[in-house]
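# An overview of the molecular structure
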Amino acid sequence: MTRAMDASTDGPAALPHRIDPAGGCPHALNARLMARGAVAPVLLPGDVPGAVVLGHDALREFLSHPDVAKDARHFTALAEGRIPEGWPLRTFATVPGMTTADGDDHRRLRSLVSRAFTARRVEQLRPRVEELVDGLLDAVADAAAADGVVELRRHFALPLPMSVICELFGVDTEFRDRLHHLSSQVVATDTTPEESVAANQEMVAVLARIVAARTREPGDDLTSALLAARAEDGDRLSPEELIGTLLLFVVAGHETTLNLITNAVRALCGHREQLDLVREGAATWSDVVEETLRWDSPVSYFPFRYPTRDLTVDGTVIPRGTPVLAGYSGAGRDVDAHGADAARFDVTRPAKGRHLSLGHGAHYCLGAPLARLEATVALERLFARFPALDLAVPDDELPAHSGFVGNSVRRLPVRPGPSTRDQ
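For the structure given in this document, a descriptive report is provided here. If you're wondering where the values come from, they're calculated on a predicted model, not measured in any experiment.

For the rest of this paragraph, the subject is helix α18 (residues 368-385). For α18, which comprises 18 residues, the first-to-last C-alpha distance of 26 Å matches the rise-based estimate of 26 Å (1.5 Å per residue) to within 8%. Taking burial as the measure, the 18 residues of α18 include 13 buried ones, the bulk of the element.

Summarising the element assignment, Gly86 is placed in the loop between α3 (76-79) and α4 (90-94). Expressed as a C-alpha distance, the spacing of Gly86 and Val197, which sit 111 residues apart in the sequence, is 5.4 Å. Contact partners of Gly86, with chain neighbours within four places excluded, come to Thr192, Pro193, Ser196 and Val197.

Where like charges cluster on the molecular surface, the negative patch consists of Asp20, Asp190, Glu194 and Glu195. Its place among the elements puts Glu194 in helix α11 (residues 193-216). Given the relative accessible area of 58%, Glu194 is considered exposed.

Grouped together as the largest cluster of nonpolar side chains are 129 residues, with contacts concentrated most on Phe156, Phe169, Leu179 and Val265. Ranked by the residues each element gives to this core, the list is headed by helix α13 (residues 239-270), at 15 residues. Setting aside residues no more than four positions away along its own chain, Leu179 makes contact with Met162, Val171, Met203, Val206, Leu207, Ile210 and Val250.

Let us now look at the sheet that holds strand β6 (residues 150-151). Pairing in this open sheet of 3 strands is antiparallel, and the strands run β6-β12-β11 from one edge to the other. Looking at strand neighbours, the two that pair on one side only are β6 and β11 (390-391), the edges of this open sheet. For β11 and strand β12 (residues 413-415), the ladder comprises 2 bridges, and the chain directions are antiparallel. Across the sheet, residue Leu391 finds its bridge partner in β12, namely Val414.

Looking now at the sheet that holds strand β7 (residues 301-307). The strand order β2-β3-β4-β10-β7-β5 describes an open sheet built from 6 strands, whose pairing is mixed. Where the open sheet ends on each side, the last strands, each with one partner, are β2 (17-18) and β5 (68-69). Strand direction decides the pairing type here: β2 and strand β3 (residues 39-44), joined by 2 bridges, are parallel. If you follow Arg18 over to β3, its bridge partner there is Leu43.

To continue, consider empty space enclosed by the protein. Any space left empty among the atoms is revealed by the rolling of a water-sized probe across them. As enumerated under the stated definition, the model contains 1 cavity of 30 Å³ or more in all. Volume-wise, the largest cavity comes out at about 900 Å³. Lining the largest cavity are 44 residues, with Leu248, Ala252, Thr256, Phe302 and Cys365 positioned closest to its centre. Elements supplying a minimum of two residues to the lining of the largest cavity: α4, α5 (103-114), α10 (176-187), α13, β7 and α18. Top contributing element to the lining of the largest cavity by residue count: α13, with 11 residues. A per-class count over the lining of the largest cavity returns 26 nonpolar, 13 polar and 5 charged.

Conventions we followed
- Residues take numbers from 1 onward in each chain, read along the sequence in its written order.
- Since the coordinates come from a predicted model, pLDDT governs what is reported: local features require at least 70, and pairs of side-chain atoms require 80 or more to be given and counted, while whole-chain, interface and lining totals use all residues.
- Hydrogens and waters are ignored; side-chain quantities use all the structure's heavy atoms.
- Only runs of H or I of at least four residues qualify as helices and only runs of E of at least two qualify as strands under DSSP, and these elements are numbered from the N terminus.
- By this rule, a helix spans an expected 1.5 Å times one less than how many residues it contains.
- Relative accessibility thresholds used throughout: buried, under 20% of the residue-type maximum; exposed, over 50%; partly exposed, between the two (1.4 Å probe, protein chains only).
- Contacts are residue-level and defined by heavy atoms, with any inter-residue pair within 4.5 Å sufficient.
- Each patch is built from residues lacking any salt bridge and having more than 30% relative accessible area; the joining distance is 9 Å for like charges and 5 Å for nonpolar side chains (Val, Leu, Ile, Met, Phe, Trp, Tyr).
- Only the protein chains shown count as covering a residue, and every accessible area follows the Shrake-Rupley method with a 1.4 Å probe.
- Salt-bridge detection follows one rule: a side-chain nitrogen of Lys or Arg within 4 Å of a carboxyl oxygen of Asp or Glu.
- Counted charges follow a simple rule, with Lys and Arg positive, Asp and Glu negative, and His plus the chain ends left uncounted.
- Lys charges are placed at NZ, Arg charges at CZ, Asp charges at CG and Glu charges at CD.
- Residues enter a nonpolar core if they are buried and are Ala, Val, Leu, Ile, Met, Phe, Trp, Tyr or Cys, with the set joined through side-chain atoms within 4.5 Å.
- Between any two strands, at least two bridges found by DSSP are needed for them to pair.
- Using protein atoms alone on a 1 Å grid, points that fit a 1.4 Å probe yet trap it form a cavity, whereas open point sets bounded by protein on both sides within 12 Å along at least five of seven lines form a pocket; residues with an atom within 4 Å of a point count as lining.
- Grid points are joined across faces, edges and corners, and a volume is the space filled by probe spheres set on the points.
- Here the nonpolar group is Ala, Val, Leu, Ile, Met, Phe, Trp, Tyr, Cys and Pro; Asp, Glu, Lys and Arg are the charged ones; every other residue, Gly included, is treated as polar.

Remember, this is a structural readout, not a statement about activity or role.
Pasting the structure below:
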């Protein structure tokens, strides 16, 4: 039976769920929404009608459907002028670049940076990633020297991906702390209109300064390469597309990996038997990364895609022009795809990598090989250096990530315990 995704439809199941802009742990909400079906109507901030697709098979179909677009000209409420300038999710819809492009335009933009993120090119970064990790682990030991506790997110999980992505794009160290702060503001869903506008304006201004610096002094980095691109007709990025590309990679290139490392540490500390399996050789650190991506996706509800016609997904009609969230955290625990024990963290789970947390189809995450490399090296070396590492507070007392796009916690206080360097 086909079900219309319309708040006017009779029956309580048709009422849209108002998503809390402050976010929080998504798994309880996902379970409630999934009880209604793989597609659910929601109200986005400002009571903007939307939808979330959170069943694994439904989301896989939706992400690669030919009648689903990323270009915001298909966002009906935006096209009709009903989305205010300070709407907290507006940047996701309107930033120029590959995340809001379709077809040939998307392929043109993606091709300009794709060569830097092939598995072979990323593997060449391994020695630098290992060097950064080892230096950060020394800093963790120093930070824990006073009282045995260290905020691992700030001292380890954040500076690793931020350093890697900024080195790739030639971002000087002077900009990095500010870029992280602004990134957090840009992806937040609980900001005021004034805060949202200010953060986006400052982010564009900072990125423009970076472009200006690389224009004056080109280097062996992706920003310089993009500035120098003169391949063929139409291949060159416009100034707006360049800023949009930098925004995408600076934000997504560190926020998601930051959450991935954080969530993996929490999962292993809460499931010591799984950590033992890795140490015994029954599973690998790559298995840990893949199971974390499935079980506690670093991105929960990613904006936006738009049906270009009324589209039936898993028996539910999503009206044309509806802004749709990709429910990665829900798909990761879908029992129809992952079995009755989908809510269990299991690094030996069969069919590893069968998740959608890095996307699917034409917009599959370009930085996936880099995120996997960083997380694998970080976790292996972290637990080798500090084998007794554990949370300093119960996991359920950790403050949830602000907003509903990212999925993690804001702080990760741990007790590293003795360092193997001291033994």
